[in-house]
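For reference, the chains in residue letters:
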Amino acid sequence: MPFADNLIAFTLAATLLTLTPGLDTALILRTAAVESRQQALRAALGINAGCLLWGAAVAFGLGALIAVSELAYNLLKYCGAAYLAWLGVNMLLRPRQSMAPAGEQAPSTGNWFVKGMLGNLLNPKVGIFYVSFLPQFIPQGQPLVAWTFGLVGIHVLLGLLWATGLIAATRPLAEVLRRERVIRWMDRCTGLVFVLFAARLALSRR
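Since the model is a prediction, treat every value here as computed from it, not as a measurement. (Residues numbered from 1 in each chain as written. Predicted model: local features only at pLDDT ≥ 70, side-chain atom pairs only at ≥ 80, totals over all residues. Heavy atoms only, no water.)

**Side note on the overall build of the protein chain**
Step number 1: Tallying secondary structure elements over the protein chain gives 10 helices and 0 strands in all.
Step number 2: Taking all 206 residues of the protein chain together, 44% fall into the buried category.
Step number 3: Expressed as a percentage of contacts within the protein chain between residues at least 6 apart in sequence, the contacts between residues at least 24 apart total 84%.
Step number 4: For the protein chain, the computed accessible surface area is about 10900 Å², with 69% contributed by carbon and sulfur atoms. (Helix = DSSP H or I, 4+ residues; strand = E, 2+ residues; numbered from the N terminus. Buried < 20%, exposed > 50% of the residue type's maximum accessible area, 1.4 Å probe, protein only. Contact = heavy atoms within 4.5 Å. Areas by Shrake-Rupley, 256 points an atom, 1.4 Å probe, with all protein chains shown as cover.)

Structural data, given as structure tokens:
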């Protein structure tokens, strides 16, 4: 497959992956609506930093361990499920009541860059996807490291563009999203999504 065809095929596949609703989308939307656009952007940057770290693991062969070792896979899987469950339960039991007035930055409930990155890194499905998916688009005989980071860079760029669109979409709804009832509802719904993802991850098989 010619180089250009490789890049086009990967970009299309990565676009579909990025646009598929999931944990990252829920995290970014909730953070943009309930806290601030700045915090949501930090969460998005954390998620994409996780992608870069997974890409590094694949490029240097570390990701193969997750693909072949049942113990490593299960350890990462259960750590990820526990982390998501912890986030979700906290949102369910302690939803926020309010956010900062217009023009002020809402107080943060944590480091969302770290939360976004950990949510990505503790998901073994991401690692398996990178290990099994990326190599298909690297032309034979080409430098593995350079191509891996190049493809991951495309995925990260798509992720940032999608996150920016999601964050911008919350602006027209800002007045509604500041209401106390809506804030509690969004926190609880996002918390439920996190708990469901945690259960799905814990019960998943390869």
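**Quick word on the packing of helix α1 (residues 3-19) against helix α8 (residues 144-169)**
Any two packed helices are characterised by how steeply their axes cross, that is the angle between the axes, and by the distance between the axes.
Step number 1: Two elements in contact, α1 and α8, have axes whose closest approach is 10 Å; the angle formed by their N-to-C orientations is 40 degrees. Comparing their axes, α8 and α1 come out oblique. α8 is crossed by α1, and the crossing has right-handed handedness. From α1, Phe 3, Asn 6, Leu 7, Phe 10, Thr 11, Ala 14, Thr 15, Leu 17, Thr 18 and Leu 19 reach across to α8, where they touch Trp 147, Leu 151, Ile 154, His 155, Leu 158, Gly 159 and Trp 162.
Step number 2: The residue inventory of the contact of α1 with α8, partitioned by class, reads 11 nonpolar, 6 polar and no charged. (Axes fitted to C-alpha atoms, helices over the stretch in contact; angles between N-to-C directions. Parallel < 35°, antiparallel > 145°, perpendicular 65-115°, else oblique. Left-handed = near helix turned anticlockwise from the far one by under 90°. Nonpolar A, V, L, I, M, F, W, Y, C, P; charged D, E, K, R; others polar.)

**Let's talk about the UniProt feature "transmembrane region" (unreviewed entry) in the protein chain**
Step number 1: What UniProt calls "transmembrane region" (unreviewed entry) maps, in this numbering, to residues 46-68, 75-93 and 144-164.
Step number 2: From the first C-alpha to the last, residues 75-93 spans 27 Å; its make-up is 100% helix and 0% strand.
Step number 3: End-to-end, the C-alpha atoms of residues 144-164 are 30 Å apart, and along that stretch the chain is 100% helix and 0% strand. (UniProt positions renumbered as here; feature names shortened; annotations may be inferred.)

**Quick notes on the packing of aromatic side chains**
Step number 1: This model, assessed by the stated rule, comprises 1 aromatic pair.
Step number 2: The ring centre of Trp 112 lies 4.2 Å from the NZ or CZ of Lys 115, which sits over that ring. (Phe/Tyr/Trp six-rings, centres within 6.5 Å; stacked < 30°, edge-to-face > 60°. Lys NZ or Arg CZ within 6 Å of the ring centre and 35° of its normal.)

**Focus: α1**
Step number 1: An ideal rise of 1.5 Å per residue puts 24 Å on 17 residues; α1 measures up with 24 Å between its terminal C-alpha atoms.
Step number 2: Among all positions in α1, only Asn 6, Phe 10, Ala 14 and Thr 18 are buried. All buried residues of α1 project into a common sector of 90 degrees when viewed along the axis, lining one side. Those residues of α1 that are exposed and angled more than 90 degrees off the buried face are Ile 8, Leu 12 and Leu 16. (Expected span 1.5 Å × (residues − 1). Arc of directions from axis to C-beta.)

**Observations concerning the environment of Thr 18**
Step number 1: For Thr 18, the location among the structural elements is in helix α1.
Step number 2: Measuring from C-alpha to C-alpha, the distance between Thr 18 and Ala 163 comes to 9.5 Å, with 145 residues separating the pair along the chain.
Step number 3: When sequence neighbours within four positions are dropped, the list of residues in contact with Thr 18 reads His 155, Leu 158, Gly 159 and Trp 162.

**Concerning the environment of Leu 160**
Step number 1: With respect to the helices and strands, the residue Leu 160 is situated in helix α8.
Step number 2: According to the relative accessible area criterion, Leu 160 is partly exposed, its value standing at 26%.
Step number 3: Taking the C-alpha atoms as reference, Leu 160 lies 7.4 Å from Leu 45; in sequence the two are 115 residues apart.
Step number 4: Filtering out sequence-adjacent residues up to four positions away, Leu 160 remains in contact with Ala 44, Leu 45 and Asn 48.

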